[in-house]
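The residues making up each chain are set out below.
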Amino acid sequence: RPPPLDLLDEGGSYRFERFADYLDALRATPAAVNAACMVGHSTLRAAVMPDLQRAATDEEIAAMRDLAEEAMASGAIGISTGAFYPPAARATTEEIIEVCRPLSAHGGIYATHMRDEGEHIVAALEETFRIGRELDVPVVISHHKVMGQPNFGRSRETLPLIEAAMARQDVSLDAYPYVAGSTMLKQDRVLLAGRTIITWCKPFPELSGRDLDEVAAERGKSKYDVVPELQPAGAIYFMMDEPDVQRILAFGPTMIGSDGLPHDERPHPRLWGTFPRVLGHYARDLGLFPLETAVWKMTGLTAARFGLAGRGQLQAGYFADLVVFDPATVADTATFEHPTERAAGIHSVYVNGAPVWQEQAFTGQHAGRVLERTAA
């Protein structure tokens, strides 16, 4: 499995022949939280294509479409793509559209980590909108950002484009509240332009948590040239500007998402800190929006956009997915140096009415369910 598909490989426990097998396993051994599952376009490519560094043939597209149809019929809520990453970087727009055809019949969602979030971000947005129009399905732009110093401030350009598209078709977006992102370590000059922290490194595990600049200097190379000898590896990249982050978070339709990778040796703190950071730092401390808006962006808005009926609001007859927190003290304590610190001010968490987190500890209850999408 090519990076980044190897990020969730723990002794083969994530290998399933069919999407239905995965959902059956998840139902038989529930998680502590609910799961609304999407099938990955890169996963389909890896399952069908012997060489990922090219466009798919018509036969391969048909085989991927058959797998996508099986997944949607089994209960997937949509298909996600990541044309930014090597396994799907050579996929054409037409390939993505044809593989995703089952979305139209099943009322599924098209979610995407777009092909480009730097210099060519406008072209990537237009491609995303086109795919949604061709399939006549809802589009979710995953963790919207503008990255690289030459692009700082371009959220002033991208947000009006997204808002204009929303007037013509079903488009939504999410974001995480950090100026740093995290993914596989790769030779990308835009990503490597700022500070880079190694999160894991298979050839040299001892480098986890080290600054790439320091490692490169020790080896007498530029950080761009040292990357190949460290791969496969993961990294945190400081690549966004805080005003852009705040502008995107404050945009009314923006949902909050963590985009966390739990298996990294030194992970990004967003997996532990995203939601309390929005509630505490951005809503309470900076006053970027009211507390009620912060809660809505991570609950009711998300449930509505993803078509999760009976979720996301406190109403009679709805499922009791509840977080009880102190608005005066809720805060993220996870940092890039200590990324797995638990949030402050969280009293308890209930999933489908069952307490899964109390007194700063997991209760041991796995009350999560596999959620289905109710198309609008």
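Everything discussed here concerns the structure shown above.
As the structure is a computational prediction, the values presented were derived from the model and not from experiment.

Thresholds, definitions, all that
Residues numbered from 1 in each chain as written. Predicted model: local features only at pLDDT ≥ 70, side-chain atom pairs only at ≥ 80, totals over all residues. Heavy atoms only, no water. Phe/Tyr/Trp six-rings, centres within 6.5 Å; stacked < 30°, edge-to-face > 60°. Helix = DSSP H or I, 4+ residues; strand = E, 2+ residues; numbered from the N terminus. Buried < 20%, exposed > 50% of the residue type's maximum accessible area, 1.4 Å probe, protein only. 1 Å grid on protein atoms, 1.4 Å probe; cavity = no way out; pocket = protein on both sides within 12 Å on 5 of 7 lines; lining within 4 Å. Points joined across faces, edges and corners; volume = space filled by probe spheres on them. Nonpolar A, V, L, I, M, F, W, Y, C, P; charged D, E, K, R; others polar.

A. Spotlight on the packing of aromatic side chains. Counting across every chain of the model gives 5 aromatic pairs. Ring centres 6.3 Å apart and planes at 80 degrees place the aromatic pair Tyr-178 and Phe-336 in the edge-to-face group. You can see Tyr-178 sitting in the loop between β5 (171–175) and β6 (180–184) and its partner Phe-336 sitting in the loop between β10 (322–325) and β11 (346–351), a full 158 residues away along the chain. Each of the two residues, Tyr-178 as well as Phe-336, counts as buried. One aromatic cluster is present, formed by Phe-16, Phe-19 and Tyr-22 through successive ring pairs.

B. Up close: empty space enclosed by the protein. This model, assessed by the stated rule, comprises 2 cavities of 30 Å³ or more. Around the largest cavity, the lining residues are His-143, His-144, Lys-145, Val-146, Ala-175, Tyr-176, Tyr-178, Met-240, Asp-244, Val-245 and Ile-248. For the lining of the largest cavity, the element with the most residues is helix α11 (residues 242–250), which contributes 3 residues. For the lining of the largest cavity, the class distribution of residues is 7 nonpolar, 2 polar and 2 charged. Space inside the second largest cavity adds up to approximately 30 Å³. Where the lining of the second largest cavity is concerned, the elements lending two or more residues are β3 (109–113) and α7 (121–135). With 3 residues, the single largest contributor to the lining of the second largest cavity is α7. Of the residues assigned to the lining of the second largest cavity, the class counts are 5 nonpolar, 3 polar and 2 charged.

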